[in-house]
Amino acid sequence: TASHADLWISSWPGSEAALLLSVARELLISGRFDAPFVRKWVNWEDYLKAKDPGGAGTFERFIACLIEEYSEYTPEFVASECRTPADTVTKLADEIAAAQGKFASHLWRNAAAGNLGGWQVARALVLLHVLTGSLGTEGGVNPYTWDKVVPKPSENPPTPSRWNESLWPAEYPLSHYEMSFLLPH
């Protein structure tokens, strides 16, 4: 897909979350985020109770706290950490903001499975969708099962009445192609 991209960013492996959090910071400080969506769908009041108990308790204070939370993710930090050009964050934030809530993305286990803490990449990417109001909306990205088509066979074998080693061997998760199956363990 990179050969067809208008903008292809190849950050240093394992640094993708830093890049995405820097874009989130840029959207927040420039005010280019969907405040009504964030206000409605983010549990910002609970965040403030836990992180800023003596603060004003307003949505504006929540945004200020997020900007403070991600303050270290500057474009200069990303240039060093991700080994990308210094203007990468600005370009990416501009493109995402220009989509006006129709930002769609995809993460297919590459960074998530290949690096220590890699699942934080998926979380940072979803944060961008939340900030732009492009989660579960037309032109955005939908939750996992919303568009999944699973054909049903005409006949299903009976469901086992109890667990047994033949049907579900203890080693099964280790031999399965879906390594995220192991995530809770």
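Trainee: What's the story with the packing of aromatic side chains in this structure? I'm lost.
Mentor: The geometry of an aromatic ring pair comes down to the distance between the two centres and the angle between the two planes. Inspection of every chain in the model, using the stated rule, returns seven aromatic pairs. A centroid spacing of 5.4 Å and a plane angle of 75 degrees characterise the contact between Trp44 and Phe59, whose relative ring orientation is edge-to-face. Within this pair, whereas Trp44 is found in helix H3 (residues 44–51), its partner Phe59 is found in helix H4 (residues 59–69), the two being separated by 15 residues in sequence. Ring geometry for Tyr70 and Tyr73: centres 6.4 Å apart, planes at 55 degrees, overall tilted.

Trainee: Help me understand the packing of helix H1 (residues 16–29) against helix H6 (residues 88–98) in this model?
Mentor: At a minimum axis distance of 9 Å, the contact between H1 and H6 shows a crossing angle of 65 degrees. Read as a crossing pair, H1 and H6 show a hand that is right-handed. Only Thr88, Val89, Leu92, Ala93, Ile96 and Ala97 of H6 make contact with H1, whose side of the interface consists of Leu19, Ser22, Val23, Glu26 and Leu27. A breakdown of the residues in the contact of H1 with H6 according to their chemical character gives eight nonpolar, two polar and one charged.

Rules used in this analysis
- Residues numbered from 1 in each chain as written.
- Predicted model: local features only at pLDDT ≥ 70, side-chain atom pairs only at ≥ 80, totals over all residues.
- Heavy atoms only, no water.
- Phe/Tyr/Trp six-rings, centres within 6.5 Å; stacked < 30°, edge-to-face > 60°.
- Helix = DSSP H or I, 4+ residues; strand = E, 2+ residues; numbered from the N terminus.
- Axes fitted to C-alpha atoms, helices over the stretch in contact; angles between N-to-C directions.
- Left-handed = near helix turned anticlockwise from the far one by under 90°.
- Contact = heavy atoms within 4.5 Å.
- Nonpolar A, V, L, I, M, F, W, Y, C, P; charged D, E, K, R; others polar.

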